[in-house]
Amino acid sequence: MIYLDNAATTYPKPMSVRRAVSGAISSGANPGRGGHKMSVSASEQIYKCRVKAAEMFGAGSVENVIFTPGCTYSVNMVIKGILGSGGHAVISDMEHNAVVRPLKALESRGVSYTAVTVSEDDNETISSFRDALRPDTRLVVCTHVSNVWGMRLPVGRIAALCRQYGIPIMIDAAQSAGVFPINAEESGFDFVCMPGHKGLYGPMGTGLLIARRPELLSTIIEGGTGSASRSPEQPDFPPDKFESGTPNYAGIVGLSAGLDFVKATGESRILSHETALTRAFYDRLSREERVIFYTPRPDARRFGGVLSFNIRGMDSEAAAQYLSQRAGIAVRAGLHCAPLAHRHFGTLDTGAVRICPSYFTTMNEINAAASAVMRLARNS
Ligand code: PMP
């Protein structure tokens, strides 16, 4: 199988990650819950991962790194933590349902939001964000890289705008973490949400919330934290406040190995490899009569390694089914949980076919995928 669905989760995982997960399952006690050796050693492993993440993403302090089950959970923590009692949010029109649905769910509590149209011209995008701010805007949310179209949004400039107006900003780094360097402190991001299982090469069921202003968040679940156990009250200090229940120890140890992998490889090498592949795919097919690309030729300054297309006259799901069943190529079709992003390019009815390579994808695989799409476009 040629796996081009790395925007959903990366596959394969590096050998170091697989070994780390297997080792953690083979020997691991509940971290932070006991004074015995195996529990203490598990706590140390988790702490090590926290330190690595704090350094890698500019969290400001180790306590600002919060482990979650995935990006959706991280996003919910921020949106519900800040807007739980009402207010207005400004989001981009590239947001995933991980952002839109929690906002919708809060409408009954007086929350409203404005989705800003992203433009190819960053200046225009910034001024649209500025125009959408209101006196009651309590949060700005912006995805770093669109999970459908791969375009990179000017999040640094949007953060600067938010700072000017004193409004917290949350970045959805689901498609950018591990591909573009992210430093929350330097860029002025108050919150950065990311899965551990995509560009960070960790296992599914892992995620991170980098919370530089944890004091703005309330909890969405409470429970045992292994700390301050005498008190019936939830601890009010991070990360414990936000990490109730037994952590995903094997997942976090795997994520830790994933962070090592990304650091050793380097985001810039990962990005240039993925860009070379999406570019090659684009170049092979852009002159093909029935193949429609919606975005310009990928370049590493403005795009992450995500590219979507359609075959004129064919439903995206049908194209993906052909690629899977007849050519052994795994892609994702449909709306990718991001209907706003599809409305932007007029593909709400057809969806689109998305390819996303990883660091492990080869040029031969991309060429084979492009040839399969070409065959489909010419012969169907
Ligand atoms: N945001 C974006 C932009 C995504 O691409 C995804 C995953 N498709 C998510 C959020 C949700 O991530 P997770 O599945 O890890 O919760």
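Residues numbered from 1 in each chain as written. Predicted model: local features only at pLDDT ≥ 70, side-chain atom pairs only at ≥ 80, totals over all residues. Heavy atoms only, no water.

## Some remarks on the overall build of the protein chain
For clarity, the threshold we go by: To qualify as a helix, a DSSP run of H or I must reach at least 4 residues; to qualify as a strand, a run of E must reach at least 2; elements of each kind are numbered from the N terminus. Atoms considered for the radius of gyration are the C-alpha atoms alone. The globule rule reads 2.2 Å times the number of residues to the power 0.38. Buried, partly exposed and exposed residues are distinguished by accessible area as a fraction of the type maximum, computed with a 1.4 Å probe on protein chains only: under 20%, between the cut-offs, and over 50%, respectively. It only takes one pair of heavy atoms within 4.5 Å for two residues to be counted as in contact. Note on areas: Shrake-Rupley with a 1.4 Å probe; residue coverage comes only from the protein chains shown.
Summing up its helical and strand segments, the protein chain has 12 helices and 12 strands in all. What you see for the protein chain is a C-alpha radius of gyration of 21 Å, in line with the 21 Å of a compact globule of 380 residues. In terms of overall dimensions, the protein chain has a C-alpha envelope of 70 × 55 × 35 Å along the principal axes. Evaluated residue by residue, the protein chain yields a buried proportion of 57% over its 380 residues. Intrachain contacts of the protein chain at a sequence separation of at least 6 include 68% that bridge at least 24 residues. Carbon and sulfur atoms make up 50% of the accessible area of the protein chain, which amounts to about 15,800 Å² in all.

## Topic: the nonpolar core
Selection rule: Among buried residues, those of type Ala, Val, Leu, Ile, Met, Phe, Trp, Tyr and Cys that are joined through side-chain atoms within 4.5 Å constitute a nonpolar core. Source of the domain bounds: an automatic or database domain assignment.
In this structure, Phe-57, Val-140, Val-192, Met-194, Leu-200 and Leu-208 are the most contacted members of the largest nonpolar core, which totals 62 residues. Of the residues forming this core, the biggest block, nine residues, is contributed by helix α8 (residues 249–265). For this core, the domains that each give at least three residues are domain 1 (15–265) and domain 2 (266–379). What Val-192 contacts, discounting residues up to four positions off in sequence, is Ile-171, Ala-173, Ile-182, Ala-184, Leu-208, Leu-209 and Ile-210. Grouped together as the second largest cluster of nonpolar side chains are 29 residues, Ala-320, Leu-323, Val-331 and Met-374 included.

## Observations regarding the domain arrangement of the protein chain
Interface size is commonly expressed as the accessible surface area that is lost when the partners come together. What counts, and what does not: The term buried area denotes the loss of accessible surface (1.4 Å probe radius) that occurs when two parts are joined, taken as the sum for both partners. Between Lys or Arg on one side and Asp or Glu on the other, a salt bridge is scored when a side-chain nitrogen of the former is within 4 Å of a carboxyl oxygen of the latter. In protein, a polar contact requires one atom able to donate a hydrogen and another able to accept it; more generally it is a pair of N or O atoms within 3.5 Å, and residues adjacent in sequence count only if both atoms are side-chain atoms.
Assigned domains within the protein chain: domain 1 (15–265) and domain 2 (266–379). For domain 1 and domain 2, the distance between their C-alpha centroids amounts to 28 Å. Contact with domain 2 buries area across many residues of domain 1, yet Val-148, Trp-149 and Thr-265 alone supply 28% of it, more than any other trio. For the pair domain 1 and domain 2, the interface holds one salt bridge. Residues Asp-122 and Arg-302 are paired through a salt bridge, measuring 3.4 Å at the closest nitrogen-oxygen approach. Taken together, the connections running from domain 1 to domain 2 amount to 14 residue pairs in polar contact (both at pLDDT 80 or more). In terms of residues, the side of domain 1 that touches domain 2 owes the most to one element, α8, which gives five residues.

## Observations concerning the environment of Lys-198
Along the chain, Lys-198 falls in the loop between β7 (191–195) and β8 (207–211). Taking the C-alpha atoms as reference points, Lys-198 and Val-179, 19 residues apart in sequence, are found 9.9 Å from one another. Residues contacting Lys-198, with those up to four places away along its chain left out, are Asn-6, Ala-7, Ala-8, Thr-9, Thr-10, Ala-174 and Gln-175.

## Quick look at the pattern of salt bridges
All told, the structure shown has 10 salt bridges when counted by the stated rule. Close ionic contact of Glu-243 with Arg-50 constitutes a salt bridge, the shortest N to O distance being 2.8 Å. Here Arg-50 lies in helix α2 (residues 37–57) and Glu-243 lies in the loop between β8 and α8, a separation of 193 residues in the sequence. Note that Arg-297 and Asp-283 form a salt bridge whose closest N and O atoms lie 2.8 Å from each other. You can see Arg-297 sitting in the loop between β9 (291–293) and β10 (307–311) and its partner Asp-283 sitting in helix α9 (residues 267–285), a full 14 residues away along the chain. One salt-bridge network, held together by shared partners, links Asp-190, Arg-213 and Glu-215.

## Quick word on the packing of aromatic side chains
Worth spelling out the cut-off: Any two rings among Phe, Tyr and Trp, with Trp reduced to its six-membered ring, count as a pair given centres within 6.5 Å; such a pair is stacked if its planes are under 30 degrees apart, edge-to-face if over 60, and tilted if neither.
Per the counting criterion, the structure on display carries 13 aromatic pairs. Aromatic pair Phe-261 and Tyr-359: ring centres 6.1 Å apart, planes at 70°, arrangement edge-to-face. Here Tyr-359 lies in the loop between β12 (353–355) and α12 (363–379) and Phe-261 lies in helix α8, a separation of 98 residues in the sequence. You can call Tyr-359 partly exposed: its relative accessible area is 22%. Relative to Phe-293, the ring of Phe-281 lies with its centre 6.4 Å away and its plane at 80°, an arrangement referred to as edge-to-face. Pair noted here: Phe-281 is in helix α9 and Phe-293 is in strand β9, with a separation of 12 residues, a long-range link.

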